[in-house]
Each structure stands twice: as C-alpha cells, then as structure tokens.
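Coordinate analysis (summary)
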Amino acid sequence: MTDQHPALSLRGLAKRFDTKVAVAGVDLDVPTGSFYGLLGPNGAGKTTTLSMAVGLLRPDAGQARVLGHDVWADPVGAKGLLGVMPDGVRLFDRLSGAELLAYHGLLRGMDPAVVDQRAAELLDVLALSDAGRTLVVDYSAGMKKKIGLACALLHGPRLLVLDEPFEAVDPVSAALIRDILHRYVVGGGTVIFSSHVMEVVERLCSHVAILADGRIKRVGTLAEVRGERSLEEVFVEVVGGRTATGEELSWLSRRR
Amino acid sequence: MAVPATLTAAERPARAVSPRHFVRLKLRVLGNNFRGQGWRIALFVGGVLFGLWFAVGGFFGLAAPGLAGESRYALMTAAFGGGLLTLGWVLLPLVFFGVDETLDPARFALLPLSRRTLVTGLFAAALVSVPVLSTLLAVTGLVVTAGALGGWPAALVGLLGVLLGVLLCVAAARAVTSAFATMLRSRRVRDLAAVLLAVVAALLGPLQLLVLGAVQQADWDRLTGVARVVGWTPFGAPWTAGVEVAEGHAAAGGLKLLITVAAIGVLLLWWSRSLESAMVGAVSSGPSRDRRGTVAGAAVGQLFPRAVGWARRDRFGALVARECRYWWRDARRRANLITVAVVGIFVPVMVNLGGSRLATDGGAAFGEATANSSPVLVSLSMVFVGVLASVTLANQFGFDGSAYAANVVAGVPGRVELQARMVAFSLYVVPILGAVAVVLAVVLGRPGWLGVMAGGLLAAYGCGLAINATVSVLGAYSLPETSNPFAMNTGAGMARSLYALVSMVASAAAAVPLVVAAALLGDVWLWLALPVGLAYGLGAALLGAYLAGDALDRRQPELLAAVTPRR
C-alpha cells in the first residue's frame with residue numbers, strides 16, 4: 001500500500017537561521033525506484049533540505065513524508081524505512097569499522113546474527129576488512145565515506161538519503177560506491193543524493209533537481225532538465241555564475 | 001595551497017605580526033560569539049559579576065594588613081594568599097574549568113609565524129579574560145598593603161611584582177594544561193598521566209594538613225618562617241616583593257622580581273614546546289597506534305567489551321557497549337573519569353581526617369582522630385563525592401558532538417538512550433565509589449560505617465544521575481573538536497560552571513534526606529543506610545531517566561543542533 005506514495009515527498013519545507021533564509025519552501029517528489037540527484041552550488045541549502053527531510057533538523061514550516069510516513073509526526077515509521085549518510089557529521093569514530101556497523105545494526109533493532117553476516121559482507125565488498133581493528137577516526141576520508149555508506153545500507157532501507165557521497169573520495173572508491181548504489185536501485189531501492197559534480201549526476205541519475213538560494217530552480221527527469229545541452233551548461237545558467245574576465249587577479253600571473 | 005606559498009616567497013610581508021593582532025583577534029571572536037545570542041551575553045555578564053565579587057573580596061582581604069597598619073601580617077597574607085592564588089591557577093583548569101581555547105593553536109599551524117611570535121601572541125590573548133582581570137584587581141590589594149607600610153618605593157615594586165605575578169599565573173595555567181593535554185592525547189602514556197594527576201592531587205592533602213596544623217597551633221614564628229620560605233618560591237615571590245621593600249629589604253624585593261621573571265620564562269618555554277606538538281598533532285593525529293591485527297570474532301562480538309558481556313544483543317545493549325568503549329577511548333571522557341577517581345578518594349579523606357587531626361595536635365593515632373568525625377560528616381562528604389561523580393554527565397551529549405546524529409536518525413527512544421548512558425557510566429563509577437567507601441572506612445578505622453558511606457554515595461549518585469540527565473538534555477552545549485581534553489569554547493566555560501553548579505546544588509538537595517536520617521536515626525542507620533540509599537538512588541535515577549527521556553523525545557533535533565560545533 002505504501003507503494004502508492006512517492007519514496008520521499010517534501011511540501012513547502014522552509015528554514016531560516018537567524019536572519020538568513022537557508023531554505024525557502026522546497027516541494028519535491030522522489031518517485032519510488034528513482035535515482036535522484038539534488039544539484040546545487042555551495043550554500044544552496046542542499047544539506048539543510050536533506051537534514052529536514054530525514055528528521056535531523058526541525059523545519060520552520062512544511063512537511064516531509066517517507067513512503068507516506070510523516071517524518072515529524074510518525075518518526076518511528078519513517079526512520080525505519082530510511083538509510084541516511086549525512087555530510088559534515090562525525091560518525092561514532094572511536095569504534096572500529098566492525099564495531100560501528102554492529103552498533104548501527106543493533107540500534108535499528110536487527111537480529112545479531114544478521115548484523116554479523118551483513119557487516120562482514122559489507123566490509124568485504126567495500127574493501128574495509130583490511131583495516132581490522134583500526135578506529136574509524138584513523139580512517140582516510142574515502143574510507144570514512146565508505147563506512148558511512150555501509151552504516152546507511154546495513155538495515156536494508158527502502159530509501160537512501162546521501163549527502164555528498166562522492167566528496168573527497170578517490171576514483172576507485174567512487175566507482176565502487178557508484179556500483180553499489182546502482183545495484184541497490186536496480187533491486188528496487190530509491191536513492192536521493194546531493195552533489196555538485198555534474199559528471200557523476202549525468203552518469204547515474206534518472207531524475208534531477210537543481211537547488212539554488214534555497215529554492216528548486218529546475219526539476220524533472222534528467223532528459224527533461226538537460227534538454228539538448230550538457231547538464232553543466234544548464235546548471236551554470238540556472239545558478240547564474242560568472243566567469244573571470246581576465247582583468248581581475250592580474251597579480252596571480254607571474255608574467256607582467 | 002600552492003598559490004599563497006609562492007606569493008609569500010615573492011613578496012615579503014609588509015608588516016610584522018605582533019601580540020596586538022592576537023588580542024584583537026580574540027576580542028573579535030568574543031564579540032562575534034555574542035551576536036544574536038542573548039543567553040550568551042547573560043552568561044558573560046554573570047561571569048563578570050562573579051569575577052567582580054571575587055576581585056573585591058580578594059582586594060580587601062589582601063589589603064587588610066596595610067589598611068589596618070599591621071605589618072606583621074603583611075608577609076603572611078602576601079605569601080599565603082598569593083601562593084594559594086597561584087596554586088589555584090595551576091590546578092583548577094586541570095580539575096574543573098578547562099582552558100579557553102578561543103584561539104586554537106592548531107589554527108595557526110599553516111601561517112608563517114615563528115614560534116616566538118605565536119607564543120607571545122597567544123599569551124597576550126590569554127591575558128584578555130575575565131578571570132585574569134579579576135585576579136589582577138584582587139591582587140592590587142597587595143600594592144595597597146605595600147604602599148601603606150613602605151611608601152611609594154614599596155608600592156611601585158609591589159605593583160611590578162603583582163603584574164608579573166598575574167603573568168606567572170596565566171603562563172603556569174597554559175603550560176600545565178598544554179603539557180597534560182599532550183600527555184593524555186598519546187595513548188602510550190595515558191596511564192602515566194593518570195598517575196601524575198593523582199600525585200598532584202595527592203600533594204593537596206599533606207599541604208592542607210600542614211597549613212591547617214600551622215594555623216591551629218598559631219605559632220607565629222613558625223608560620224612566619226613558612227611564609228618566608230614560600231615567599232622565595234615562584235609561588236610567593238611576585239606577591240611578597242613589595243612587602244620586602246616595605247620591610248627595608250630592597251635587594252630581596254629585586255631578587256624576587258627576578259625569580260618571577262625567570263619562572264615566567266621557563267614556563268613559556270615549556271608551553272611553546274608542548275604547543276608545537278599540539279599543533280602538529282592536531283593536523284595529523286595519524287594512525288599513530290597500530291590496532292591492525294587479526295579480527296577476533298564477528299562484528300557484534302567485537303562491539304561488546306567483556307565487562308558488558310551480560311548485556312542483551314539489542315538496542316539497549318549496543319548503547320551501553322558503545323558508551324563503555326567511549327568512556328575509555330575518548331581522551332576527554334577519560335580525563336573526566338580520572339578526575340572523579342582522584343578527587344573522589346582524596347577529598348573525603350581530607351575532610352574527615354584533616355578536620356579532626358588538628359584537634360589531636362599532630363602525631364595522634366588514627367583511631368583517636370576519628371573522635372571528631374561522625375556519621376553526619378561522613379554522609380555529607382559522601383554526598384559531595386556522589387554528586388561530583390554524576391556531574392560529569394551534565395554535558396554528556398556534548399561529548400558526542402555531531403556523532404549523536406546517528407542516534408537521531410535511528411530514532412532511539414529518549415528513555416532507552418538515557419538509561420543506557422547511566423548504566424555505562426555506572427559500570428566505571430560504582431566500582432570507584434565502592435573503593436572510596438572502603439578506603440575511607442579503613443583510613444578512619446571505622447569498618448562499621450561502611451554501610452553509611454556506601455548508602456550516602458549511592459543515594460547522592462542516583463540523584464545526581466537524575467538531575468544531570470535533565471541538565472544534559474535541556475542545557476547541552478558544544479565542545480570544540482580538538483583532541484585537547486581541557487579545551488572549552490568561548491563563553492562555554494561560564495555555561496559549564498553554571499550548569500555544573502546548578503546540577504550539583506540540586507543533586508545535593510535531593511540527597512539531603514539521607515544526611516538528615518544519619519543525624520536523627522543514630523545507630524539504626526548504620527544498618528539501614530545501605531539498602532535505603534541504594535533504593536533511593538536507583539529510584540531517583542529511574543525517575544530522572546523517565547522524565548528527562550520524555551523531554552529528549554521532544555527535542556532530539558534541537559539537542560543535536562546544540563551539541564554540533566559551529567564552524
């Protein structure tokens with residue numbers, strides 16, 4: 001019955017910090033089974049939007065529903081269906097990778113035997129088994145992203161919400177993460193992730209939304225948003241970027 | 001990064017960086033911190049008022065010999081008052097207050113600054129704070145004393161000494177905390193650091209006995225002798241220089257100023273050494289310890305330490321296991337635990353033994369000494385220890401920082417969360433409390449009082465858990481993400497002291513019935529104390545988790561925002 005609902009549905013989400021409006025009313029429907037890219041320049045409100053969508057940040061106004069469950073009115077129902085990897089948030093990083101996975105699994109009320117089996121498999125696939133008992137705080141940036149993804153995947157969520165999953169990740173790990181996410185979507189899951197790397201979005205996503213200044217500027221399937229042009233062209237036009245004229249910053253040049 | 005590097009090579013900096021820049025930076029950070037944060041301003045004003053109160057009290061205390069014209073008290077006031085002040089500056093940041101790391105040394109690691117510039121700059125910035133200014137105001141009382149007794153020359157030397165003395169206090173506080181932070185950061189020597197801290201705290205005991213004993217005997221010659229000796233150590237030298245001149249020993253006054261200057265120099269040198277390792281350490285703490293190795297067992301088995309092996313493999317068990325690991329693996333939490341253990345053992349011993357030892361004029365046996373101690377006094381000191389142990393949890397979510405997001409996303413019910421945290425902390429603290437009771441019973445030679453002690457401890461600890469669970473949910477604040485266990489955010493020092501004070505008073509008040517029972521019930525209480533105290537503490541803790549858990553359910557996202565450090 002929940003399949004009639006979109007995987008994630010946002011209605012009029014808004015948030016202001018002091019005097020600055022971070023998100024000014026976002027409406028978004030993420031269809032079940034889609035691979036959704038949330039694009040935007042730095043400071044566009046991507047992290048704020050996703051945080052409000054998963055229950056990490058209380059919105060000033062608006063609603064967020066996960067497969068029909070209101071995140072704020074029915075948190076237990078919604079959070080059970082969600083897998084989240086926030087950005088700029090620490091993990092409980094004084095645990096080893098295996099300990100962290102066990103913690104997340106039990107926190108989600110999973111059976112210990114299932115946790116053991118899935119944790120071993122995830123560590124193996126993500127090439128983290130070699131780290132052994134190294135604490136997550138001592139992991140490299142790419143390894144931290146991978147263990148974060150493993151934590152979000154462990155309980156088999158219906159919807160994955162990933163904030164900047166490809167930031168600070170080397171090409172090898174990025175390819176691995178892409179692979180896993182692709183398989184997850186093929187298997188019936190839904191992914192929404194934020195990024196400002198056009199190339200990745202173009203390659204992976206079925207749907208795209210461009211967010212700037214706290215508002216959705218363009219939304220639709222990749223083909224609809226992109227049209228005949230490249231995604232990057234559309235993005236720069238929508239966001240209203242400027243290009244350097246060559247006059248300023250002349251002191252950067254060593255040839256005068 | 002390459003661009004600025006070539007630029008600095010090409011263009012010499014036009015202006016040198018001076019301590020002025022650091023001071024202005026600190027003031028700017030302080031000011032920005034207040035922007036739009038009414039409660040922060042209120043806390044700051046509260047801190048200023050408290051500082052003023054301390055300053056005025058100290059001023060008149062230290063100026064009293066001069067105002068009264070009593071020259072024979074002058075040296076003693078200066079040596080003991082000033083010495084205590086210096087000692088406080090060395091020890092209090094370690095035990096209670098932490099250091100204001102508004103200007104985190106690690107932030108300067110990439111700037112082309114010499115170590116000398118950096119240390120003098122950070123030192124100058126450290127001087128701009130409420131405690132420093134109120135200390136300065138207080139010790140000007142010594143200048144008044146010196147001036148009243150010895151005229152202008154004495155006042156001038158006194159002023160110089162007092163200024164240098166304040167510098168000495170700040171330098172000592174910075175050097176000691178910085179050195180300890182470095183030690184605690186490296187796991188290799190963490191046990192050594194624990195022992196060192198214990199020794200430092202242990203020194204407080206004999207010192208207190210000595211001072212109290214001396215005061216009690218009121219042997220002016222001997223006391224003056226001690227004051228003279230203290231006056232020649234760095235602890236007393238800056239404060240007594242003015243008095244020396246007033247007494248006609250101009251050379252001695254000058255020499256004491258020199259001693260102070262030398263001590264400041266040594267401390268700054270020590271600080272700059274540990275500062276460097278702090279800067280490098282923060283940038284790349286690196287995989288310094290080799291924890292690789294064969295993985296024993298499956299994931300769930302690894303999460304649970306042996307001490308938590310009894311716990312069910314469910315949400316509650318996972319929370320307890322994770323908290324248990326954290327109390328040991330997180331340097332900040334570990335430092336708190338060590339403090340609880342050390343202070344918890346030494347304070348009650350000193351209160352119960354020190355207070356009574358005086359009456360028996362020195363070398364009496366312990367058995368006779370206990371004549372003055374009573375179940376009421378014991379209960380009171382036990383309440384203090386229990387409350388002190390639990391106040392560690394006053395900002396328990398602050399320790400987690402943004403990592404707490406994991407629990408929010410998983411939707412952990414507030415009551416489960418708080419109960420698990422209480423259980424995990426108790427796994428460390430209850431054995432410590434048990435040791436406190438046993439040690440005190442042995443030292444006092446009263447094994448029969450063991451029940452009273454344990455009962456008082458458990459009741460106070462349980463009440464403290466309840467109060468601090470509430471405080472930790474409603475009054476959480478973020479801690480800086482440095483590896484320095486003593487670091488505090490600007491303004492948070494005041495918040496921390498205030499919340500700690502409130503929760504300690506509230507917890508102690510909640511545990512008062514136990515003390516009243518000890519006073520009223522007499523010998524029956526010796527048997528009843530343990531079961532009643534246990535039930536009282538357990539009931540209080542459960543009630544606290546029940547009520548505070550409800551509050552936590554309602555404000556999880558707000559709590560997460562409160563403990564997430566602003567960047």
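Residues numbered from 1 in each chain as written. Chains lettered and ligands numbered in written order. Predicted model: local features only at pLDDT ≥ 70, side-chain atom pairs only at ≥ 80, totals over all residues. Heavy atoms only, no water.

- An unreviewed UniProt entry annotates chain B as ABC-2 type transport system permease protein of Micromonospora chaiyaphumensis.

- Looking at an unreviewed UniProt entry, one finds chain A named ABC-2 type transport system ATP-binding protein, with Micromonospora chaiyaphumensis as its source organism.
- Database annotation for chain A, UniProt heading Subcellular location (unreviewed entry): "Cell membrane". (UniProt positions renumbered as here; feature names shortened; annotations may be inferred.)

**Regarding the overall build of chain A**
- When its secondary structure is counted, chain A shows 9 helices and 10 strands.
- Every one of the 256 residues in chain A was classed for burial, and the buried ones make up 52%.
- With the model as given, the accessible surface of chain A reaches about 11,400 Å², and the carbon-plus-sulfur share is 51%. (Helix = DSSP H or I, 4+ residues; strand = E, 2+ residues; numbered from the N terminus. Buried < 20%, exposed > 50% of the residue type's maximum accessible area, 1.4 Å probe, protein only. Areas by Shrake-Rupley, 256 points an atom, 1.4 Å probe, with all protein chains shown as cover.)

**Overview of the overall build of chain B**
- On a plain count of helices and strands, chain B comes out with 22 helices and 2 strands.
- Counting all 567 residues of chain B, 48% fall into the buried class.
- For chain B, long-range pairs separated by at least 24 residues make up 80% of all intrachain contacts whose partners lie at least 6 apart in sequence.
- Here chain B displays about 25,500 Å² of accessible surface, and carbon together with sulfur accounts for 70% of that area. (Contact = heavy atoms within 4.5 Å.)

**Looking at the packing of helix α19 (residues 450-474) of chain B against helix α21 (residues 523-554) of chain B**
- Contact geometry of α19(B) with α21(B) gives a least axis separation of 7 Å together with a crossing angle of 10 degrees. Considering their axes alone, α19(B) and α21(B) lie roughly parallel with respect to each other. (Axes fitted to C-alpha atoms, helices over the stretch in contact; angles between N-to-C directions. Parallel < 35°, antiparallel > 145°, perpendicular 65-115°, else oblique.)

**Digging into empty space enclosed by the protein**
- In this structure the tally under the stated criterion is 2 cavities of 30 Å³ or more.
- Residue lining of the second largest cavity: Ala7(A), Thr32(A), Leu67(A), Arg158(A), Gly188(A), Gly189(A) and Thr190(A), and that is the complete set. (1 Å grid on protein atoms, 1.4 Å probe; cavity = no way out; pocket = protein on both sides within 12 Å on 5 of 7 lines; lining within 4 Å. Points joined across faces, edges and corners; volume = space filled by probe spheres on them.)

**A few points about the packing of aromatic side chains**
- Inspection of the entire model under this criterion finds 11 aromatic pairs over all chains.
- Between Phe166(A) and Phe193(A), the aromatic rings sit 5.8 Å apart at their centres with planes inclined by 75 degrees, giving edge-to-face as the arrangement. Of the two residues, Phe166(A) is situated in the loop between β7 (159-163) and α6 (171-186) and Phe193(A) in strand β8 (residues 190-195); the sequence distance between them amounts to 27 residues. Both residues of the pair, Phe166(A) and Phe193(A), count as buried.
- On the numbers, 6.4 Å between centres and 40 degrees between planes, the contact of Phe425(B) with Tyr461(B) is tilted. Within this pair, whereas Phe425(B) is found in helix α18 (residues 414-444), its partner Tyr461(B) is found in helix α19, the two being separated by 36 residues in sequence.
- For Phe425(B), a relative accessible area of 0% puts it in the buried group.
- Over the aromatic face of Tyr326(B) sits the side chain of Arg322(B), whose NZ or CZ is 5.2 Å from the ring centroid.
- The ring centre of Tyr546(B) lies 3.9 Å from the NZ or CZ of Arg415(B), which sits over that ring. (Phe/Tyr/Trp six-rings, centres within 6.5 Å; stacked < 30°, edge-to-face > 60°. Lys NZ or Arg CZ within 6 Å of the ring centre and 35° of its normal.)

**Looking at the packing of α18(B) against α19(B)**
Residue and element names in this part refer to chain B.
- Running from N to C, α18 and α19 cross one another at 150 degrees; their axes reach a closest spacing of 10 Å. Taken together, the axes of α18 and α19 lie roughly antiparallel to each other. Along this stretch, α18 crosses α19, giving a crossing that reads as right-handed.
- Class assignment of the residues belonging to the contact of α18 with α19 gives a composition of 21 nonpolar, 1 polar and no charged. (Left-handed = near helix turned anticlockwise from the far one by under 90°. Nonpolar A, V, L, I, M, F, W, Y, C, P; charged D, E, K, R; others polar.)

**A short note on the sheet that holds strand β10 (residues 215-221) of chain A**
Residues and elements named next belong to chain A.
- Taken together, the 6 strands give an open sheet; going across it, the order is β6-β7-β8-β3-β9-β10, and neighbouring strands pair in mixed fashion. The open sheet is flanked by β6 (82-85) and β10, the only strands paired with a single partner. The average angle at which neighbouring strand axes cross in this sheet is 15 degrees, direction not considered.
- Inspection of the sheet shows strand β3 (residues 35-39) paired to strand β9 (residues 207-212) by 4 bridges, in the parallel sense. (Pairing = 2+ DSSP bridges.)

**Some thoughts on the environment of Leu393(B)**
Residue and element names in this part refer to chain B.
- Assignment of secondary structure puts Leu-393 in the loop between α15 (375-390) and α16 (396-400).
- Note: C-alpha distance between Leu-393 and Ser-472 (79 residues apart in sequence) is 6.9 Å.
- Residue contacts for Leu-393: discarding those within four places in its chain leaves Trp-327, Phe-425, Leu-465, Asn-468 and Ser-472.

**Remarks on the interface of chain B and chain A**
- Facing 49 residues of chain B, the contacting portion of chain A comprises 39 residues.
- Between chain B and chain A the total buried area reaches about 3,900 Å² when both faces are included, carbon and sulfur atoms providing 60% of it.
- Run the count over chain B and chain A and you get 3 salt bridges.
- Counting across the chain B and chain A interface gives 12 residue pairs in polar contact (both at pLDDT 80 or more).
- Breaking the side of chain B that touches chain A down by element, the ones donating at least two residues are α1 (2-10), α11 (299-303), α12 (315-329), α17 (405-410) and α22 (556-563) of chain B.
- Of the residues forming the side of chain B that touches chain A, the biggest block, 7 residues, is contributed by α12(B). (Buried area = accessible area lost by both parts, 1.4 Å probe. Salt bridge = Lys/Arg side-chain N within 4 Å of Asp/Glu carboxyl O. Polar contact = N/O pair within 3.5 Å; in protein donor to acceptor, adjacent residues only side chain to side chain.)

**Observations concerning the pattern of salt bridges**
- In this structure the tally under the stated criterion is 26 salt bridges over all chains.
- The closest approach of N and O atoms between Glu237(A) and Arg218(A), which form a salt bridge, is 3.7 Å. Here Glu237(A) is found in helix α9 (residues 231-239), whereas its partner Arg218(A) is found in strand β10, with 19 residues between them in sequence.
- According to the relative accessible area criterion, Glu237(A) is partly exposed, its value standing at 46%.
- Here Arg218(A) falls in the partly exposed class, since its relative accessible area comes to 33%.
- Put simply, Arg322(B), Glu323(B), Arg333(B), Asp400(B), Glu417(B) and Arg421(B) are held in one network by salt bridges that share partners.

**A closer look at helix α9 (residues 237-246) of chain B**
- Summarising burial for α9(B): 9 of the 10 residues are buried, a large majority.
- Every buried residue of α9(B) is accounted for by Ala237(B), Pro238(B), Trp239(B), Thr240(B), Ala241(B), Gly242(B), Val243(B), Glu244(B) and Val245(B).

**With respect to a nonpolar patch on the surface**
Residues and elements named next belong to chain B.
- On the surface, a nonpolar cluster with roughly 780 Å² of combined accessible area is contributed by Ile-41, Val-45, Leu-49, Leu-52, Val-56, Phe-60, Leu-67, Leu-137 and Val-144.
- Looking at the nonpolar patch, the elements that each hand over two or more residues are α3 (38-68) and α6 (130-185).
- With 7 residues, the single largest contributor to the nonpolar patch is α3.
- Along the chain, Ile-41 falls in helix α3.
- For Ile-41, a relative accessible area of 40% translates into the label partly exposed. (Patch = residues over 30% accessible without salt bridge, like charges linked within 9 Å, V, L, I, M, F, W, Y side chains within 5 Å.)

**What about the sheet that holds strand β1 (residues 8-17) of chain A?**
Residue and element names in this part refer to chain A.
- Read from one edge to the other, the open sheet built from 4 strands follows the order β2-β1-β4-β5, with strand pairing classed as antiparallel. Each of the sheet's edge strands pairs with one partner strand only, and the pair in question is β2 (20-30) and β5 (69-70).
- Here β1 pairs with strand β4 (residues 61-66) via 5 bridges, running antiparallel. Its bridge partner lying in β4, Ala-14 is registered against Ala-61.

**Some thoughts on the nonpolar core**
- Among the nonpolar cores identified, the biggest contains 75 residues, and Ile192(A) and Met453(B) are the most heavily contacted of them.
- Looking at which element gives the most residues to this core, the answer is α18(B), with 11 residues.
- Once residues within four sequence positions are removed from consideration, Ile192(A) is found in contact with Leu8(A), Leu28(A), Val30(A), Tyr36(A), Leu50(A), Leu159(A), Leu160(A), Val161(A) and Leu162(A).
- The next biggest cluster of nonpolar side chains, apart from the first, holds 72 residues, and it includes Tyr103(A), Leu204(A), Leu222(A) and Ala321(B). (Core = buried A, V, L, I, M, F, W, Y, C linked by side-chain atoms within 4.5 Å.)

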